Amino acid sequence: MYKRNALSLRLKRPVTASLSYMIAGAMTKLIGIISTPIFTRLLSGEEYGSYTLYMSYLGLATTVAAASISAQVLYRGFEKYKGEEEGFGYTALVVGESFSLLLSLIFIFTTSLTGLEADMIFALSLQLMTDTVLNLTFARYRYKYNYRRIIYINLFTSALSPLIAIALTVGAGVGYKGRVYALLGVSLIAVAPIAISTVRQGIEKFDRRKAIYIIKNSFPLIPNAAAAALNAEIDKLMISAHLGATALAKYSIAHTLGLGLGFLVTSLNSALYPWVIRKLSANKTEQLIPLIRLILSSLGALIMVLTSLVPEIFGLLAPTEYGSAKYASIPLALCAIPAFATSFITTCIVYAEKSPYTTLSAAASALTSLMSSAILIPRFNYIGAGISLLLSNVIALFVNYILLYRCKMARFISPKDVATSFVLSAIFSISCALCYPYLWARILLLIIPSVIILNSIFSLKDYVTE
């Protein structure tokens, strides 16, 4: 007991939160990995592709809706309105749900264009409303480093949802819709008490001034979020449009595997957001540059490990016929580095209260995504989709860095560090792809990222302990 408490005291709160998010994220990812081969075998390729299409639209809508009450803006708001958290939280909920309702109406009026059935549009709208509550709740918990509640909610939803989905798919014979209904049902159970509590505590504390603050600072981020969401989903939507639902099912496995480090990037950013804002507010930024350098180096090494094991992981996740999409995992995995760097830069831009700047990067990124998808997917199929997503992430990073320079905060992240990690990871991953038929060669190559990871662990000691 003593040793556990001593360790807890020595670890800095952002590090404790990061480790907790990563462990919870890893467990959630593990549950997803375990359930994926079950559903790729329970459902036909067309049904699995239909579920992926639904989740693509949901991911697009949820990302855009989350931007209406951006986490970065909420963190700054909690600092600005200390002592008024209940009123600020309720006001943010009203703003977020109002915007979510608007998005839902857009989906309802464009049902025929989405390729989704009417009941799936209704389910999507309800899921969007519940996810908005969770996004606000998680932001409040992260600001206070109340990571335990986040972990409990995530593990509850991620563990129970596939179990109910299997029962519905097998027992009720509803096909892929069983997964949709299970996710929605579990989310509603998790959200109901939180929503009721938020409304009770803040219903008389709605503040028009706080609502204007949220709208003024969050809404300019919506184009950036829309571009990010489009970048994340356009490849799947284009695959579905050009090659059909079965091809989408195959590509979705590459997507799941290639973006497998996404939970790590999200966990890091979730813990770093409030920490970075506090450091900037206190003008104590001397640790930012070396820490970001270490994180980039570690991310690059983890990308190397992931891409070296693609054939084996792909074989576990899906039947053999899905394997034709495995090479798309490489460009998708490389997205982790520009995605992390872009997220950090966005935090700095929001802190500088220059949120409208992100509109320019959003436009450039979205245009790159659309053009490259239209050109590459018809010619190169799965790998073309992966490269398209990678290109859009790189363009977003490039433009955002220029904007960060305009904010006079470019010193906090080095382009050389980002480029070095990215280039080394890309060279290693391509080398691994050439060696996919030879497991022994890839095992030897794993020595390189292993050394980098060990070095990073020792270097991170000063940042994780008091």
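A brief structural summary. (Residues numbered from 1 in each chain as written. Predicted model: local features only at pLDDT ≥ 70, side-chain atom pairs only at ≥ 80, totals over all residues. Heavy atoms only, no water.)

Topic: the overall build of the chain
No. 1: Within the chain one finds 22 helices and zero strands.
No. 2: Against the 2.2 N^0.38 benchmark of 23 Å for 466 residues, the chain shows a C-alpha radius of gyration of 22 Å, consistent with a compact globule.
No. 3: Based on the C-alpha atoms only, the size of the chain along its principal axes is roughly 60 × 50 × 50 Å.
No. 4: Counting over 466 residues, the chain shows a buried share of 55%.
No. 5: Intrachain contacts of the chain at a sequence separation of at least 6 include 85% that bridge at least 24 residues.
No. 6: Roughly 20,700 Å² of accessible area belongs to the chain as shown, and the carbon and sulfur atoms make up 68% of that amount. (Helix = DSSP H or I, 4+ residues; strand = E, 2+ residues; numbered from the N terminus. Rg over C-alpha atoms; globule rule 2.2 N^0.38 Å. Buried < 20%, exposed > 50% of the residue type's maximum accessible area, 1.4 Å probe, protein only. Contact = heavy atoms within 4.5 Å. Areas by Shrake-Rupley, 256 points an atom, 1.4 Å probe, with all protein chains shown as cover.)

Here we look at the packing of aromatic side chains
No. 1: Scanning the model with the defined rule gives six aromatic pairs in all.
No. 2: Ring geometry for Phe99 against Phe219: centres 5.6 Å apart, planes inclined by 65°, an arrangement best described as edge-to-face. In this pair, Phe99 is assigned in helix H5 (residues 85–109) and Phe219 in the loop between helix H10 (208–218) and helix H11 (222–243), connecting sequence segments 120 residues apart.
No. 3: Given the relative accessible area of 13%, Phe99 is considered buried.
No. 4: These aromatic residues form a ring-pair network of at least three members: Phe78, Tyr81, Phe88 and Tyr213. (Phe/Tyr/Trp six-rings, centres within 6.5 Å; stacked < 30°, edge-to-face > 60°.)

A few points about the state of the cysteines
No. 1: What the rule picks out here adds up to zero disulfides.
No. 2: Counting only cysteine sulfurs, Cys432 is the nearest neighbor of Cys435, a cysteine outside any disulfide, at a range of 6.7 Å. (Disulfide = S-S within 2.5 Å.)

Some points on the pattern of salt bridges
No. 1: As enumerated under the stated definition, the model contains five salt bridges in all.
No. 2: Lys177 is the salt-bridge partner of Asp119, the closest N and O atoms lying 3.1 Å from each other. Here Asp119 is found in helix H7 (residues 118–143), whereas its partner Lys177 is found in helix H9 (residues 177–202), with 58 residues between them in sequence.
No. 3: With relative accessibility at 29%, the residue Asp119 sits in the partly exposed group.
No. 4: Under the relative-accessibility criterion, Lys177 is labelled buried at 15%.
No. 5: With its nearest N and O atoms 2.9 Å apart, the salt bridge here joins Glu312 to Arg442. (Salt bridge = Lys/Arg side-chain N within 4 Å of Asp/Glu carboxyl O.)

Overview of the environment of Glu46
No. 1: Among the structural elements, Glu46 can be located in helix H3 (residues 45–67).
No. 2: Discounting residues that sit within four places of it in the chain, Glu46 has contacts with Ala245 and Thr246.

Things to note about the packing of H11 against helix H12 (residues 245–258)
No. 1: It is the contact of H11 with H12, at a shortest axis distance of 8 Å, that shows an interaxial angle of 155°. Taken together, the axis directions place H11 and H12 in an arrangement best described as roughly antiparallel. H12 is crossed by H11, and the crossing has right-handed handedness. Contacts between H11 and H12 pair Ala232, Asp235, Lys236, Ile239, Ser240 and Leu243 from the former with Ala247, Leu248, Tyr251 and His255 from the latter.
No. 2: For the contact of H11 with H12, the residue count by class is six nonpolar, two polar and two charged. (Axes fitted to C-alpha atoms, helices over the stretch in contact; angles between N-to-C directions. Parallel < 35°, antiparallel > 145°, perpendicular 65-115°, else oblique. Left-handed = near helix turned anticlockwise from the far one by under 90°. Nonpolar A, V, L, I, M, F, W, Y, C, P; charged D, E, K, R; others polar.)

Side note on the environment of Ile443
No. 1: In this structure, Ile443 sits in helix H20 (residues 439–445).
No. 2: Ile443 gets classed as partly exposed once you look at its relative accessible area, which sits at 49%.
No. 3: Linking Ile443 and Leu309, residues 134 residues apart in sequence, is a C-alpha distance of 8.9 Å.

Concerning the packing of H11 against helix H18 (residues 358–406)
No. 1: At a closest axis distance of 8 Å, the pairing of H11 and H18 adopts a crossing angle of 20°. Classified by the angle between their axes, H11 and H18 sit roughly parallel to one another. Here H11 and H18 pass one another in a crossing that is right-handed.
No. 2: Partitioned by chemical class, the residues of the contact of H11 with H18 number 17 nonpolar, eleven polar and one charged.

So, the environment of Lys210
No. 1: Here Lys210 is to be found in helix H10.
No. 2: The class of Lys210 is buried, set by a relative accessible area of 3%.
No. 3: Separated by 118 residues in sequence, Lys210 and Ala92 place their C-alpha atoms 8.1 Å apart.
No. 4: Excluding its chain neighbours within four sequence positions, the residues that come into contact with Lys210 are Tyr81, Glu84, Gly87, Phe88 and Thr91.

Notes on the side chain of Ser252
No. 1: Topologically, Ser252 is positioned in helix H12.
No. 2: Overall, Ser252 belongs to the buried group, its relative accessible area being 6%.
No. 3: In this structure Ser252 touches Tyr48 and Thr52, once residues within four positions along its chain are discounted.

Structural notes on the side chain of Thr52
No. 1: Along the polypeptide, Thr52 turns up in helix H3.
No. 2: Judged by its relative accessible area of 8%, Thr52 falls in the buried class.
No. 3: Of the polar contacts made by the side chain of Thr52, one reaches the backbone oxygen of Tyr48; its length is 2.9 Å.
No. 4: Ignoring any residue separated from it by four or fewer positions in sequence, one finds Thr52 in contact with Lys236, Leu248 and Ser252. (Polar contact = N/O pair within 3.5 Å; in protein donor to acceptor, adjacent residues only side chain to side chain.)

Let's talk about unusual backbone geometry
No. 1: Of note in this structure, Asn381 is not a glycine but carries a positive phi near 55°.
No. 2: Take Asn381: it is sitting in helix H18.

A closer look at a nonpolar patch on the surface
No. 1: On the surface, a nonpolar cluster with roughly 510 Å² of combined accessible area is contributed by Leu30, Ile33, Ile34, Ile38, Leu42 and Val170.
No. 2: Broken down by element, the nonpolar patch gets its largest block of residues, five residues, from helix H2 (residues 13–42).
No. 3: Topologically, Leu30 is positioned in helix H2. (Patch = residues over 30% accessible without salt bridge, like charges linked within 9 Å, V, L, I, M, F, W, Y side chains within 5 Å.)

Focus on helix H8 (residues 147–172)
No. 1: In this model H8 runs 36 Å from its N-terminal to its C-terminal C-alpha over 26 residues, within 8% of the 38 Å that 1.5 Å per residue would give.
No. 2: All of the buried residues in H8 are Tyr147, Ile150, Ile151, Ile153, Thr157, Ser158, Ser161, Pro162, Ala165 and Thr169. (Expected span 1.5 Å × (residues − 1).)

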